[in-house]
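Here is what each chain is made of, one letter per residue.
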Amino acid sequence: MSKFVWLDKEKVREMTIPERGFITVGRGKDNAIALNDFQVSRHHARLLCGPHGCLLKDLSSSNGVRVNGDLVQSRFLHDGDIVRIGDHVLEYTAEEQTPAYGTLTRGNVEVPSYRFDTGGTPGHPSEWASPKQTAFLRFTSGPEKGRIQNIDRPLLSVGNPNSYYAAVSRRTNGYYLLNLGKGLFAKLNEEPVRGEAAQLENGDMITLGESQIEVRIFDQK
């Protein structure tokens, strides 16, 4: 199963993508993903999925489509790819993980390690990065105890989509925790996260079911 996750007015939205067939993204209400943004064309892009994966295609939009910062006409998407359409940033997630720029190792598993340019290119995901800070999550208890997770993308999902589920949003003014679970709330310092995103501070503790996760945020020197 694959899906798009994106932020819409401080709320996290997600849509499951069919294994075969297509969905469209644009400003018009007839799109599967409708983005209320004047920088987005009425029918901006199409995602076509089949046995060989999901192909994102620009539908001759006015302002283009960017994948991991690159302006593209069409591209097959891989797990963790960041798609920018207008002012909206969408993260594509899939069951199979395919490296984009490189890999890092978590235990015995290699997963994508995305290398975002920090030059401030217009429309680049680095606009969402906090330029003066770096951060990571440290799992202190639960099934993943001991794991370190760098916050290396604009929207990082944490937890199990079928259980306790959350996301960390990296923005120009800091890091925020958003609850993605349906009926099962992530907690920040033992307080349930409901509605709007909660800003994170160094030393905060996130609780996702049995998992305790420490937030570490450092100023870059």
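Residues numbered from 1 in each chain as written. Predicted model: local features only at pLDDT ≥ 70, side-chain atom pairs only at ≥ 80, totals over all residues. Heavy atoms only, no water.

Caption draft 1: How the structure looks around the confidence of the model for the chain. For the chain, mean pLDDT is 80; residues scoring 70 or higher make up 81% of the total. Mean pLDDT across the secondary structure elements of the chain bottoms out at strand 13 (residues 109-112), with 36, and peaks at strand 22 (residues 205-208), with 96. Long-range and interchain partners of residues 97-130, a stretch whose pLDDT sits below 50, account for 85 contacts in this model, where long-range means more than four residues apart. (pLDDT = per-residue confidence, 0-100. Helix = DSSP H or I, 4+ residues; strand = E, 2+ residues; numbered from the N terminus. Contact = heavy atoms within 4.5 Å.)

Caption draft 2: Examining the sheet that holds strand 10 (residues 82-85) more closely. Strand order across the open sheet formed by 6 strands is 2-1-11-10-7-8, with antiparallel pairing between neighbours. Each end of this open sheet is capped by a strand with a single partner; those strands are strand 2 (11-17) and strand 8 (70-72). Between one strand axis and the next, the sheet turns by 30 degrees as a mean value, whatever way the strands run. With 2 bridges joining them, strand 7 (residues 65-67) and strand 10 adopt antiparallel strand pairing. Residue Val67 lies in a different strand from strand 10, and its bridge partner there is Val83. (Pairing = 2+ DSSP bridges. Axes fitted to C-alpha atoms, helices over the stretch in contact; angles between N-to-C directions.)

Caption draft 3: Representation of the nonpolar core in the model. One finds Phe4, Leu47 and Val83 to be the most contacted residues of the largest nonpolar core, which totals 21 residues. Those elements giving two or more residues to this core turn out to be strand 1 (2-8), strand 3 (21-26), strand 5 (45-50), strand 6 (53-58), strand 7, strand 10 and strand 11 (88-93). Among the elements that make up this core, the one with the highest residue count is strand 5 (3 residues). Setting aside residues no more than four positions away along its own chain, Phe4 makes contact with Arg13, Glu14, Met15, Ile17, Ile23, Ile33, Leu47, Leu77, Val83, Leu90, Glu91 and Tyr92. Leu177, Ala186, Val193 and Ala198 belong to the second largest nonpolar core, which has 20 residues in total. (Core = buried A, V, L, I, M, F, W, Y, C linked by side-chain atoms within 4.5 Å. Buried < 20%, exposed > 50% of the residue type's maximum accessible area, 1.4 Å probe, protein only.)

Caption draft 4: Local environment of the pattern of salt bridges. Scanning the entire structure with this criterion turns up 6 salt bridges. Between Glu214 and Arg138 there is a salt bridge; the shortest N-O distance is 2.5 Å. Taken together, the residues span a long stretch of sequence, with Glu214 in strand 23 (residues 211-219) and Arg138 in strand 14 (residues 133-141) at a distance of 76 residues. A residue is classified by how much of its surface remains accessible, and Glu214, at 13% relative accessible area, is buried. A single network of salt bridges, built from pairs that share partners, joins Arg138, Glu214 and Arg216. (Salt bridge = Lys/Arg side-chain N within 4 Å of Asp/Glu carboxyl O.)

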